[in-house]
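For reference, the chains in residue letters:
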Amino acid sequence: MKVTISGFYDEVSFSLDKQIELAKELGEKYICPRNIDGKNIADYTVEEFVAAVKPKLDAEGIAFSSIGSPIGKVGINDEEGFAKQLVQLKELVKICTVMNCKYIRMFSFFMPAGEDPANYRDAVMDKLRKFVECVEDSDVILLHENEKEIYGDTDDRCLDIYHTIDSPKLKLIYDASNYIQVGVDPNAAYEKVKDYVVYYHMKDCDKETRVEVPLGLGVTDYKKIFADLEARNYEGFMTLEPHTGKYAVGRKFLYFVPFARYMKPEFYKAFRYIDSKLGKKTTDSVSRKDVFVIQYKNLKKFIEEASE
């Protein structure tokens with residue numbers, strides 16, 4: 001197994017300088033760009049990117065593992081939003097090319113609340129095919145993430161997308177936490193989708209509260225998953241996505257604002273659980289960077305143990 005660690009470093013800071021600084025502090029050279037200096041990566045033209053962003057990355061030896069785009073993160077009936085994203089995707093392909101990056105993360109459209117996703121299956125597939133057309137003349141591969149509330153939020157619908165589109169230009173991301181948040185067993189999901197997954201988003205989630213927790217504290221059996229990846233000789237990226245603000249910032253609100261814990265009892269319960277596991281007191285300060293580094297160390301530990 002050969003894992004290359006990347007991360008959504010914008011969870012610590014929107015400042016590109018700060019993102020680069022943390023990556024280098026951890027001894028890593030790959031990031032997954034999402035927000036750069038307060039601007040979403042999809043809002044950059046390739047000309048703007050080459051002028052304002054690439055020189056900093058090149059100077060510090062930082063590369064992209066994938067582009068964490070919001071492509072496909074619009075309502076299935078939002079035709080204006082879809083048209084805009086087709087234009088953005090074409091620019092992102094150009095940015096991928098100048099960065100020698102292979103992957104662009106994407107989604108399969110938000111479903112109307114309370115409606116059966118099956119009613120929108122054909123529309124989803126038609127629009128995904130148009131996304132695929134945008135990358136066909138490039139070396140870029142689209143990675144579908146199983147985000148909650150989109151068509152492909154369950155393992156079965158992710159497989160439906162993969163087999164229906166049936167293109168070498170579309171592969172799957174495995175995100176255990178996102179599966180948990182929609183009531184899917186992440187361990188069973190892994191067994192179903194692993195043959196079609198080429199990229200991993202690393203975060204975990206508590207089953208009862210469905211709130212993100214550090215790797216190893218949720219219901220995902222990462223030890224078993226890493227053992228399987230080792231046996232299968234997985235080679236690729238794992239991107240940290242710990243959603244740092246929920247715990248680092250949210251705990252202060254829930255602990256010290258009167259009655260706040262009663263407004264979000266599931267978060268209060270999850271944060272107290274995390275505190276107990278990390279040995280934190282309610283009065284201890286925990287920064288976004290602290291949360292990110294904890295996740296990084298946990299990921300390194302899983303990788304090392306699987307190799308022993």
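Preceding block: the structure.
Just so you know, these numbers come straight off a predicted model, no measurement behind them.

1. Section: the overall build of the protein
Of the regular secondary structure elements, the protein holds 14 helices and twelve strands. Compactness check: the protein gives a C-alpha radius of gyration of 19 Å against a globular reference of 19 Å for 308 residues, within 12% of the reference. Across the 308 residues in the protein, those meeting the buried criterion constitute 55%. In the protein, the proportion of contacts linking residues at least 24 apart, taken out of those at least 6 apart, comes to 75%.

2. Points about helix H8 (residues 186-193)
When we look at burial in H8, the residues that qualify are Pro 186, Ala 189, Tyr 190 and Val 193. Buried residues in H8, looked at end-on, bunch into an arc of 105°, giving them a common side. Buried residues belonging to H8 abut helix H6 (155-165), strand S8 (170-175), helix H7 (176-181), strand S9 (197-202) and helix H9 (222-231). The N-terminus of H8 is capped by Asp 185, whose side-chain oxygen sits 2.8 Å from the backbone nitrogen of Asn 187.

3. Examining the sheet that holds strand S1 (residues 2-7)
Across the sheet, six strands lie side by side as S1-S12-S9-S8-S7-S6; this open sheet has parallel pairing. A single partner strand is all that each edge strand has here, and the edge strands are S1 and strand S6 (103-106). Neighbouring strand axes in the sheet, compared pairwise and without regard to direction, differ in orientation by 30° on average. The pairing of S6 with strand S7 (residues 141-144) spans four bridges and is classified as parallel. Across the sheet, Ile 104 pairs through a bridge with Leu 142, a residue of S7. Along the sheet, helix H4 (residues 79-98) contacts S6 and S7; its crossing angle with S6, the most-contacted strand, is approximately 150°. Strands in contact with helix H5 (residues 121-135) are S6, S7 and S8; relative to S7, the strand with the most contacts, it is inclined by about 145°.

4. Overview of the nonpolar core
A general feature of soluble globular proteins is that nonpolar side chains tend to end up buried together. Counting residues in hydrophobic clusters, the biggest one holds 79 residues, and the most contacted among them are Leu 57 and Phe 131. Excluding anything up to four places from it in sequence, Phe 131 contacts Ile 71, Gly 72, Phe 82, Gln 85, Leu 86, Leu 89, Met 106, Phe 107, Phe 109 and Leu 142. Val 213, Leu 254, Tyr 255 and Phe 267 belong to the second largest nonpolar core, which has 14 residues in total.

5. Here's the deal with the pattern of salt bridges
Scanning the model with the defined rule gives 28 salt bridges in all. Note that Lys 54 is salt-bridged to Asp 58, the shortest N-O span being 2.7 Å. In this pair, Lys 54 and Asp 58 both sit in helix H3 (residues 54-60), four residues apart, roughly one turn of the helix. Judged by its relative accessible area of 18%, Lys 54 is buried. One salt bridge in this structure joins Asp 195 and Arg 232, with 3.1 Å as the shortest N-O distance. One end of the pair, Asp 195, is in the loop between H8 and S9; the other, Arg 232, is in the loop between H9 and strand S12 (235-240), and 37 residues separate them in sequence. The exposed category is assigned to Asp 195, whose relative accessible area is 57%. Residue Arg 232 is classed as partly exposed on the basis of its relative accessible area of 34%. Each of Asp 10, Glu 11, Arg 34, Asp 175, Lys 203 and Glu 241 takes part in one network of salt bridges that share partners.

Rules of the game
The numbers attached to residues start from 1 for each chain and follow its sequence in the written order. With the structure being a predicted model, the display of local features is reserved for residues of pLDDT at least 70 and the display and counting of side-chain atom pairs for 80 or more, all residues being used for whole-chain, interface and lining totals. Where side-chain values are given, they derive from all heavy atoms of the structure, hydrogens and water being excluded. Helical segments are the DSSP runs of H or I of at least four residues, strand segments are the runs of E of at least two, and each set is numbered from the N terminus. Atoms considered for the radius of gyration are the C-alpha atoms alone. The globule rule reads 2.2 Å times the number of residues to the power 0.38. The classification of residues rests on relative accessible area computed with a 1.4 Å probe and restricted to protein chains. Under 20% of the type maximum is buried, over 50% is exposed, and intermediate values are partly exposed. Contact criterion: two residues are considered in contact whenever any of their non-hydrogen atoms come within 4.5 Å of each other. Working note: the arc is built from the helix axis to C-beta atom directions. We call two N or O atoms a polar contact when they sit within 3.5 Å, provided that within protein one can donate a hydrogen and the other can accept it, with sequence-adjacent residues counted only if both atoms are side-chain atoms. For two strands to pair, DSSP has to find at least two bridges joining them. Fitted lines through C-alpha atoms give the axes, limited to the stretch in contact for helices. The angle between two N-to-C directions lies from 0 to 180 degrees. Buried Ala, Val, Leu, Ile, Met, Phe, Trp, Tyr and Cys residues that are joined via side-chain atoms within 4.5 Å together make up what is termed a nonpolar core. Whenever a carboxyl oxygen of Asp or Glu lies within 4 Å of a side-chain nitrogen of Lys or Arg, that contact is scored as a salt bridge.

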